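# Geometric and topological summary
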Amino acid sequence: MEDPGQKPQRQQAVQIVPDVHRAVAEQVLMAGPSQLSRLHQRLFCEERHDAGDDLAERHSQDAGGLVSKWRQKDKLKTTAVALVLCLNIGVDPPDVIKISPCARLECWVDPLSMQPAKALETIGKNLQAQYERWQPRAKYKMHLDPTMDDVKKLCVSCRRTAKNERVLFHYNGHGVPRPTVNGEIWVFNSRYTQYIPLSMYELQSWMGTPCIYVLDCSAAGLIINNFKAMIEQRQQQLALQQQQQQAAAAA
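As a starting point, this report considers the structure included with it.

Cut-offs applied
- Residues numbered from 1 in each chain as written.
- Predicted model: local features only at pLDDT ≥ 70, side-chain atom pairs only at ≥ 80, totals over all residues.
- Heavy atoms only, no water.
- Buried < 20%, exposed > 50% of the residue type's maximum accessible area, 1.4 Å probe, protein only.
- Helix = DSSP H or I, 4+ residues; strand = E, 2+ residues; numbered from the N terminus.
- Arc of directions from axis to C-beta.
- Contact = heavy atoms within 4.5 Å.
- Pairing = 2+ DSSP bridges.
- Axes fitted to C-alpha atoms, helices over the stretch in contact; angles between N-to-C directions.
- Salt bridge = Lys/Arg side-chain N within 4 Å of Asp/Glu carboxyl O.
- 1 Å grid on protein atoms, 1.4 Å probe; cavity = no way out; pocket = protein on both sides within 12 Å on 5 of 7 lines; lining within 4 Å.
- Points joined across faces, edges and corners; volume = space filled by probe spheres on them.
- Nonpolar A, V, L, I, M, F, W, Y, C, P; charged D, E, K, R; others polar.

Turning our eyes to something else, we now look at helix α7 (residues 200–207). Within α7, burial applies to M200, L203, Q204, W206 and M207. End-on view of α7: buried residues confined to an arc of 160°, all on one side of the axis. Here the buried face of α7 lies against α6 (148–162), β3 (166–172), β4 (185–188), β5 (195–198), β6 (211–216) and α8 (220–250). Backbone geometry just downstream of α7 places G208 in the positive-phi region, at approximately 70°.

Before going further, it helps to spend a moment on the pairing of β4. Burial along β4 is two-sided: I185 and V187 facing one way and W186 and F188 facing the other are all buried. In this sheet, β5 lies alongside β4 in antiparallel orientation, the contact comprising four bridges. Counterpart to V187 in the pairing with β5 is I196. With antiparallel pairing between neighbouring strands as the criterion, β4 and β5 make up a hairpin whose turn holds six residues, including Y192 at a positive phi of roughly 55°.

On to the sheet that holds strand β2 (residues 139–144). An order of β2-β1-β3-β6 is seen for the four strands of this open sheet, with the pairing classed as parallel. The open sheet has two edge strands with one neighbour each: β2 and β6. Neighbouring strand axes in the sheet, compared pairwise and without regard to direction, differ in orientation by 10° on average. Across six bridges, the pairing between β3 and β6 is parallel. Each bridged residue has a counterpart across the sheet, and for H170 the counterpart in β6 is V214. Contacts from α6 reach β1 (78–85), β2, β3 and β6 within the one sheet, and its direction differs from that of β1 by about 170°. Helix-sheet contacts for α7 involve β3 and β6, and the interaxial angle to β6 is about 140°.

Counted according to the given criterion, the structure contains one salt bridge. Put simply, E121 and K125 hold a salt bridge, and the shortest N to O gap is 3.3 Å. Taken together, the residues E121 and K125, both in helix α5 (residues 116–134) and four residues apart, mark about one turn of the helix. E121 sits in the partly exposed class, given a relative accessible area of 36%.

Attention now goes to the layout of surface pockets. Size it by volume and the second largest pocket reaches roughly 390 Å³. Across the lining of the second largest pocket, the residue classes break down as 11 nonpolar, six polar and five charged.

Everything listed here is a matter of geometry and, on its own, says nothing about what the molecule does.
This is the structure:
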């Protein structure tokens, strides 16, 4: 016979379990040893539970074959990092309506807690410090609220430093409009009176390959989709050139 003093504890335990699991919890709490054994077999030892490990193993094998096709055999080092921050602190972009309260921290810094110039510099230093924990030996170059010419010089300089190694390009666009449907990001003119679009085609031509892009901005998916389309178009052009060269050689 059960101790009456234990019933309130069991009832209280059932009450804190979500409704979707209430029936199962009641069975577990009120079951004896033999009933628990049958309950375990019924709930946790069905065929769909036992097949989990086999499915995971098969998935890992399939993924291993797929990964081996694109994974590079030679390891690359990220030897140069380009940090581009377009924040324009104190001026919200025209297509962004910020409610109050809203998320404002940039690299754990509140931009409104200090003067705009000081806040921009502090955010840039924090961002570089975070990357340096991951790759302390890389060459870091930064531009805060840059123009298009600044970005071009930065990219060319990083590629010259990295040579055939990998470059990481980090773009923070929280102070400019969202990317365009054509995948263009925004920078500033020299007087900070206009937003200037920068196409990913131009950016990629300056950065070269190999390169990693970190796009920290709203609607970054527009950039990625356009970037994929650009890569597919370039692959088609290269395939066409190879066919023309083969036809010329055969003639």
